[in-house]
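Next come the chains, spelled out residue by residue.
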Amino acid sequence: MAHSTSSAITLNINGEKYTLPTDHRTTLLDALRERLDLTGTKKGCDQGQCGACTVLLDGRRALSCLQLAVAAEGREVTTIEGVADGERLHPVQQAFLDLDGYQCGYCTPGQICSALAVIEEHAAGWPSAVTADVRPEAGVPELTAEEIRERMSGNLCRCGAYVSIVRAVEQAARSQAAETEGAAA
């Protein structure tokens, strides 16, 4: 009995559901770009080494060139097109714009999606490889430039905008923390 190599899948992308016939070997990146015309997510190396294709899957960053589209069914996919609130940029996007966290802009969508996850991971107290004290009772480490560089290390920028990217993540993290504290007060 021959098995089918394609089926109709439903993807939940940026809060909208898309049903499409898909070859089971199609990557999420190719489904986004070629089937759904969501071209903000970039194809860089197509080998999971540059981070240009970073999206969020259930709020966690994922390399869409290594993720099969069928494996994303039933999960919440957020691409760069779903980050802003209408015309209002997300604080991370605004920080990248304000601090020139981009040059050519090709890697920027992946950088921004990764930065969103970095800020959430840090706020949740997840340690990185450079976190000095990883004991739970130590609390959330300070989000230093060194922490940001380590946490963003999976995203490459051929233009070398790293200094501005780190500053943008720092500013966005401060902005989100202030917003959270203001809402709690």
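Below: a short report on this structure.

Thresholds applied
Residues numbered from 1 in each chain as written. Predicted model: local features only at pLDDT ≥ 70, side-chain atom pairs only at ≥ 80, totals over all residues. Heavy atoms only, no water. Salt bridge = Lys/Arg side-chain N within 4 Å of Asp/Glu carboxyl O. Helix = DSSP H or I, 4+ residues; strand = E, 2+ residues; numbered from the N terminus. Buried < 20%, exposed > 50% of the residue type's maximum accessible area, 1.4 Å probe, protein only. Pairing = 2+ DSSP bridges. Contact = heavy atoms within 4.5 Å. Axes fitted to C-alpha atoms, helices over the stretch in contact; angles between N-to-C directions. Expected span 1.5 Å × (residues − 1). Polar contact = N/O pair within 3.5 Å; in protein donor to acceptor, adjacent residues only side chain to side chain. Parallel < 35°, antiparallel > 145°, perpendicular 65-115°, else oblique. Left-handed = near helix turned anticlockwise from the far one by under 90°.

Attention now goes to the pattern of salt bridges. Two side chains carrying opposite charge are able to pair once their charged atoms lie near each other. The final tally for this structure, using the stated rule, is 9 salt bridges. Between Arg151 and Glu147 there is a salt bridge, and its shortest N-O distance comes to 2.8 Å. Of this pair, Arg151 and Glu147 both sit in helix H4 (residues 145–151), separated by 4 residues, roughly a single helical turn. What makes Arg151 buried here is its relative accessible area of 7%. Three or more residues are tied together by salt bridges with common partners; here these are Asp30, Lys43 and Asp46.

This brings us to the pairing of strand S3 (residues 54–57). Burial along S3 is two-sided: the residues Thr54 and Leu56 and Val55 and Leu57 are all buried. Sheet topology note: the S3/strand S4 (residues 60–63) ladder contains 4 bridges and is antiparallel. Bridged to Leu56 within S4 is Arg61. Between S3 and S4, which pair antiparallel and follow one another directly, the connecting turn spans 2 residues, one of which, Asp58, has a positive phi of 55°.

Looking at where Thr27 falls in the secondary structure, it is placed in the loop between strand S2 (16–23) and helix H1 (28–35). Among residues more than four places away in sequence, those in contact with Thr27 are Ser64, Cys65, Gln67, Leu68 and Ala69.

Right, let's get into helix H2 (residues 91–98). Along H2, the residues classified as buried are Pro91, Val92, Gln93, Ala95 and Phe96. The secondary structure elements touched by the buried residues of H2 are helix H3 (108–123) and helix H5 (162–184). In the segment just after H2, Asp100 is the residue with positive phi, at about 55°.

Take the sheet that holds S2 next. Strands sit in the order S2-S1-S5-S3-S4 across an open sheet of 5 strands; the sheet is mixed. Whereas interior strands pair on both sides, the edge strands pair on one side only; in this sheet they are S2 and S4. Ignoring which end each strand starts from, the neighbouring axes of this sheet average 40° apart. Of the strand pairs in this sheet, strand S1 (residues 6–13) and strand S5 (residues 76–78) are connected by 2 bridges, and their pairing is parallel. Paired with Ile13 across the bridge in S5 is Val77. Across the sheet, H3 is in contact with S3, S4 and S5; its angle to S3 comes to roughly 40°.

Over its 16 residues, H3 runs 22 Å from end to end, which matches the ideal 22 Å to within 8%, given 1.5 Å per residue. With 14 of 16 residues buried, H3 lies mostly within the body of the structure. The positive-phi residue at the C-terminal boundary of H3 is Gly125, with phi of around 90°.

Only 2.7 Å separates the side chain of Arg151 from the backbone oxygen of Trp126, close enough to count as a polar contact. Apart from the residues within four sequence positions on either side, Arg151 is in contact with Arg61, Val118, Glu121, His122, Trp126, Pro127, Ser128, Thr131, Pro141 and Leu143.

The next thing to look at is the packing of H3 against H5. In contact at an axis separation of 10 Å, H3 and H5 are set at 45° when each is read in the N-to-C sense. Taken together, the axes of H3 and H5 lie oblique to each other. Crossing handedness for the pair H3 and H5: right-handed. Here Gln111, Ala115, Val118, Ile119 and Glu120 of H3 lie close against H5, whose contacting residues are Ile165, Val169, Ala172, Ala173 and Gln176.

Now for the environment of Gly74. Positionally, Gly74 belongs in the loop between S4 and S5. Given the relative accessible area of 73%, Gly74 is considered exposed. Sequence separation between Gly74 and Asp58 is 16 residues, and the spatial gap between their C-alpha atoms is 9.7 Å.

In short, the description is geometric, and any link to function would need to be established separately.
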